[in-house]
Amino acid sequence: LLTVQGDFAAAAPLLETHLPEAIAAGLARTGGSLLADLAWCWANTGDIIRARALADQAAIEVLAEDPAHCDLDERAALHARLAQVYARLNETGLATRHGDAAQAAWADDAAQRRLWAARLDEAGLGTPPR
């Protein structure tokens, strides 16, 4: 919430402190997004070296994900955040690459949601019972 509100100086230490706990508690699949959020915090507080290192780490982690077991919305959010970080760091090529990856992942996510909705409708579960 602090990141969304733009309070990057307050958000960064909280993310740093709780990121290992979150991953250990079973939220590893969101770890890349949390790293990207932390990179965004550092980019906005002027700690460019930390921002670049964390963005690069998150970018590597997303490449290691198994697409069959990946939450598409999480992948899209991660790429979108990395695009923002790299843009702030004046890394235009990387920002564009991650922006394009985010758009593709959002399209895949929308297609997946349409498929699920169709399957629910086919099973007669498209609307709740009255």
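Residues numbered from 1 in each chain as written. Predicted model: local features only at pLDDT ≥ 70, side-chain atom pairs only at ≥ 80, totals over all residues. Heavy atoms only, no water.

**Student:** Sorry, what's going on with the overall build of the chain here?
**Tutor:** Across its full length, the chain holds 5 helices and 0 strands. Moving toward the C terminus, one meets the helices and strands of the chain in the order α-α-α-α-α. Along the first, second and third principal axes, the C-alpha atoms of the chain reach 55 × 30 × 25 Å. A total of 130 residues make up the chain; the buried ones form 35% of that total. Sequence separation of at least 24 residues holds for 57% of the intrachain contacts in the chain that already meet a minimum separation of 6. When the accessible surface of the chain is totalled, it reaches about 8000 Å², and 58% of it is carbon and sulfur. Both charge centroids of the chain, one from 11 positive and one from 18 negative side chains, sit 4 Å from each other. (Helix = DSSP H or I, 4+ residues; strand = E, 2+ residues; numbered from the N terminus. Buried < 20%, exposed > 50% of the residue type's maximum accessible area, 1.4 Å probe, protein only. Contact = heavy atoms within 4.5 Å. Areas by Shrake-Rupley, 256 points an atom, 1.4 Å probe, with all protein chains shown as cover. Lys, Arg positive; Asp, Glu negative; His and termini not counted. Charge placed at Lys NZ, Arg CZ, Asp CG, Glu CD.)

**Student:** Help me understand the side chain of Thr3 in this model?
**Tutor:** As for its position among the elements, Thr3 is in the segment before helix H1 (8-27). Here Thr3 falls in the buried class, since its relative accessible area comes to 13%. The contact partners of Thr3, leaving out residues within four places of it in the chain, are Phe8, Ala11, Leu15, Trp40, Cys41 and Arg81.

**Student:** Even after reading the chapter, I still don't get the environment of Ala11, so can you show me in this structure?
**Tutor:** With respect to the helices, strands and loops of the structure, Ala11 is situated in helix H1. Taking relative accessible area as the criterion, Ala11 reaches 4% and is therefore assigned buried. C-alpha of Ala11 to C-alpha of Gly99: the two residues are 88 residues apart in sequence and 24 Å apart in space. When residues no more than four places from it in sequence are discounted, the contact partners of Ala11 are Leu2, Thr3 and Cys41.

**Student:** What exactly am I supposed to notice about the packing of aromatic side chains here?
**Tutor:** Centre distance and the angle of the planes are the two values used to describe a pair of aromatic rings. Scanning all chains against the criterion turns up 1 aromatic pair. Measuring from ring centre to ring centre gives 6.1 Å for Phe8 and Trp40, while their planes differ by 85°; the resulting arrangement is edge-to-face. In this pair, Phe8 is assigned in helix H1 and Trp40 in helix H2 (residues 31-45), connecting sequence segments 32 residues apart. Both residues of the pair, Phe8 and Trp40, belong to the buried class. The residue whose ring lies beneath Arg50 is Trp42, and the NZ or CZ to ring-centre distance is 4.3 Å. (Phe/Tyr/Trp six-rings, centres within 6.5 Å; stacked < 30°, edge-to-face > 60°. Lys NZ or Arg CZ within 6 Å of the ring centre and 35° of its normal.)

**Student:** Explain helix H5 (residues 92-122) to me, please; I cannot follow it from the model alone.
**Tutor:** Each α-helix winds once per 3.6 residues, and so residues spaced three or four apart point in a common direction. Given a rise of 1.5 Å per residue, 31 residues ought to cover 45 Å, and the 45 Å separating the end C-alpha atoms of H5 matches this to within 8%. Of the residues making up H5, those classed as buried are Leu94, Ala95, His98, Ala102, Ala105, Asp109 and Ala110. The inward-facing, buried residues of H5 contact helix H3 (48-64) and helix H4 (72-88). Where H5 terminates, the next one or two residues include Gly124, which has phi positive at roughly 75°. (Expected span 1.5 Å × (residues − 1).)

**Student:** Help me out: how do you make sense of the nonpolar core in this one?
**Tutor:** Note that soluble globular proteins tend to have their nonpolar side chains buried in a common cluster. Core analysis: the largest hydrophobic core is formed by 26 residues, its most contacted members being Leu82 and Tyr86. By residue number, the principal contributor to this core is H2, which donates 8 residues. In this structure, Tyr86 is in contact with Arg52, Ala55, Asp56, Ala59, Glu91, Leu94, Ala95 and His98, ignoring residues within four places of it in sequence. (Core = buried A, V, L, I, M, F, W, Y, C linked by side-chain atoms within 4.5 Å.)

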